[in-house]
Structure formats: structure tokens, C-alpha cells
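Chain by chain, the residues run as shown.
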Amino acid sequence: MIPYVTDTPDITIPANLLPADGRFGCGPSKVRPEAVAALAAESGRYLGTSHRQKTVKSVVGSLREGLAHLFSLPEEYEVALGNGGTTCFWDAATFGLIERKSQHLTFGEFSSKFATAAADAPHLDDPEIIAADVGTHPTAVVSEDVDLYALTHNETSTGVMMPITRPEGAAAPADGGGLVAVDATSGAGGLRVDPAQFDAYYFAPQKCFGSDGGLWAALLSPAAQDRIGAIAATKRWVPSSLDLTIALDNSKLDQTYNTPALATVFLFDHQVRWFNENGGLDFSTGRCDRSAETLYTWADNSDFATPFVTREQDRSHVVGTIDFDESVSAATVAAVLRANGIVDTEPYRKLGRNQLRIAMFPAIDPEDIASLCACINYVVGAIAS
Ligand SMILES: *Cc1c(COP(=O)(O)O)cnc(C)c1O
């Protein structure tokens, strides 16, 4: 259990130890000040204008092109956008991507939620669920029965990442194998991925893309687009706000079916441009790699902290989970950090561990992760004395 914090010790962290930016939350996460300034500079021409006109459509177009470039998408892939964030995309997928039965790898809160959505959908068969203990991840198993494999690139609730590959021995979707659909909400942009290994790679922009929530983006292979068309042809009832054919048709026109949050679109595009102008996915994932190296090395060498995830290759480079030993209350440390302007290091509530959870998304400066480690050392030392 997380110890209940009654009062926060009055500890002031010396200014020279503090990170330049104190936001380490896993979503909404740090939005770069440069992006906010760019939005403010454009606001008089952009905010409060029609999303059906060129000003906004050109930003949506730039975003779609930028994502295709960032992920080196083959020509025939499409970038689709819609409203409602990843949670709405799950619902859309239960209507428009899963034909009859899906297989889900569950290893934490988020991966389990999509499995539940599929299990609850009355028009689908019960899904196959392959679960693993928190702190680890399961492996997909080829099944003739399923038409979609649901993977999660990074389980944000536990800090476990997994490589994205088609299940070993699976037929290609064109030859009757299941589609591979990946929840990459916290992984996309921060972890490497090969588009040949997925059919739908979907995410929302409030994590690695340093924007706000409320939008989803999905990178769709030709097989995924075919599936969307094939299900539509069966006349399955789909609410129009969750209809992937409508989303795809609108996306191709650089718009969304209904009004998107224009600031979210702008900040998302700004971040994708920042990645692409500095070297693309190598640049953005490289920043996460450096932050992760710093965080886990610090925890490994600490006498009170240890990485929660045991296997080194499973330790996420975008979300770090660090267990504290009993002598130190992580909740108290998080509260002291918060009082000093370092926010959102609290653990995922339902995991219920004595730990801190720290985002290492590309916007977060690797130097600030080093500063955060120094601040934690300082706070723990001050609480003990
Ligand atoms: C944050 C997160 C979600 C939920 O995203 P919303 O846009 O809030 O629906 C889903 N999956 C993962 C892996 C996440 O990190």
C-alpha cells in the first residue's frame, strides 16, 4: 500500500538542483514553451477560424504528412485522425477494425481497457486474452481464430515497453492472418517501430507529442484500410462519430468529421515538425534513450531506489517506474517535489506501489531527468535527517 501522507515535510530544494522544467507527468505531459509561443504568435490568424478552411486544413495536412515522414510510412499507408483520444479509438476499433474476434496482450491498466471494450461489444465473440504480471509483458500466440492482435507498445501504468513485431509464425493479413493493432499512446514518437510490423498504430498527442488530449491518430496499413472497408460493406451498425470509414474519408481531405480542438492540432504538428527538423525518430527516441539511461543508472546505484521492472529490456524508455524501499515513503517524496514545483511524479494509483513514475517523453530534457534524480536524493536525505 502507498502510505497515506498526512502532512508534507517543509523542505526547500536548493535552486541549483532544480530542473529547468518541473513537469514529469505521463499525460497530459510537458508541452514545449516554444510550441506554446508559436501558437500564441499564430493565434490571431488560426484560433477561432473554420476547420473546413485552408488555414486549419493546411496544419492538418502538414501533421498528416509529418507523421508519415516521421514513421517512414510506405506510400499506401494512411494517417487517419479523429476526435475523442485513444479511448474513443478503442470503441471505433471494436466497431470498425475487429471483424469477429481479437486477441489482447494485457499487462496493466491500459492494455486491459481495450480488452474489456472488445469483451463488452455484443457484436463480437469473446476475445482471447493473454495476461502477464504487472512489470512484465506477454507474447502474442498465433491463433487461427482471431482476426486482430491487440498489442501495446508501452504500458503507461507499469513502465513496461515491448518490441512491436507480428506474432511469430502469423500469416500476413493479405493471406488471412490477423491484423496487428498497436496502442502506442505513450510509445509513439519515443520508441522505435517498423511500419512493416503493424497494421494500425494509434495514439493520442498528449504524451510524446507534447500537445493536449482529445484527438486520436492512427497509422493504417493497406490491410487495415481494407478491413475497415470490408466491415462497412457488411452494414454493421456503427455510430457515425466512431465510424472509421467516415474518419478515413475526412482525414484524406485534411479534416476531421466533427470539430477538433485547433490548439491541440497546432501543438501536435509543431512537435512533429520539431522531431523531423532535428533528425526524425532517431532524434526523438534518442532523447528518451538518454533519459532512461540516466534514470535507471541512478536507481541501480541508489541505496533506496530500484527499477520496478526487473528485465532490463522491458524497462520503458518513455515511462520510468522506480520502487522505493520501505524506509522511504514515495508519496512523501512526491509531495515534497510537488511543493517545490516538480509535479506529477506520483505512481499510477491502481498499481498501489511505493514508487515514483516519471515520464521521459521527448519534450523532457534528459538533463532535467538528471536534475530530478539529484532532487530526489536531496529530498530523501532531508527527510531522513
Ligand atoms: C494515456 C493512454 C491511453 C488513454 O488515452 P486517452 O487519450 O486519454 O484516451 C491509452 N493507452 C495508453 C497506453 C495510454 O498511455
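Residues numbered from 1 in each chain as written. Predicted model: local features only at pLDDT ≥ 70, side-chain atom pairs only at ≥ 80, totals over all residues. Heavy atoms only, no water.

A. Inspection of the environment of Ile 98 at higher detail. Residue placement: Ile 98 occurs in the loop between helix H3 (85-96) and strand E2 (102-106). Overall, Ile 98 belongs to the buried group, its relative accessible area being 0%. As for Ile 98 and Arg 227, which are separated by 129 residues in sequence, their C-alpha atoms are 8.3 Å apart. (Helix = DSSP H or I, 4+ residues; strand = E, 2+ residues; numbered from the N terminus. Buried < 20%, exposed > 50% of the residue type's maximum accessible area, 1.4 Å probe, protein only.)

B. Region of interest: the sheet that holds strand E11 (residues 319-324). What the three strands build is an open sheet, ordered E10-E11-E12; its pairing is antiparallel. Across the chains shown, the open sheet's two edge strands, defined by having one partner strand only, are strand E10 (305-307) and strand E12 (355-359). Each neighbouring strand pair of the sheet contributes to a mean axis angle of 30°, computed without reference to strand direction. In terms of strand pairing, E11 meets E12 through five bridges, oriented antiparallel. Opposite Gly 320, over in E12, you have Ile 358 as the bridge partner. Here helix H8 (residues 281-301) sits on the sheet in contact with E10, E11 and E12, set at roughly 10° to E11. Contacts from helix H9 (residues 330-339) reach E11 and E12, with the element oriented near 45° to E12. (Pairing = 2+ DSSP bridges. Axes fitted to C-alpha atoms, helices over the stretch in contact; angles between N-to-C directions. Contact = heavy atoms within 4.5 Å.)

C. Broad picture of the packing of aromatic side chains. In the structure shown here, the tally under the stated rule is 20 aromatic pairs. With centroids separated by 6.1 Å and ring planes inclined at 70°, the aromatic side chains of Tyr 201 and Phe 203 adopt a geometry described as edge-to-face. In this structure, Tyr 201 and Phe 203 share a single accessibility class: buried. Note that Lys 207 overlies the ring of Phe 110, its terminal NZ or CZ placed 5.1 Å from the centroid. Just above the ring of Tyr 296 sits the side chain of Arg 315; from NZ or CZ to the centre is 5.9 Å. (Phe/Tyr/Trp six-rings, centres within 6.5 Å; stacked < 30°, edge-to-face > 60°. Lys NZ or Arg CZ within 6 Å of the ring centre and 35° of its normal.)

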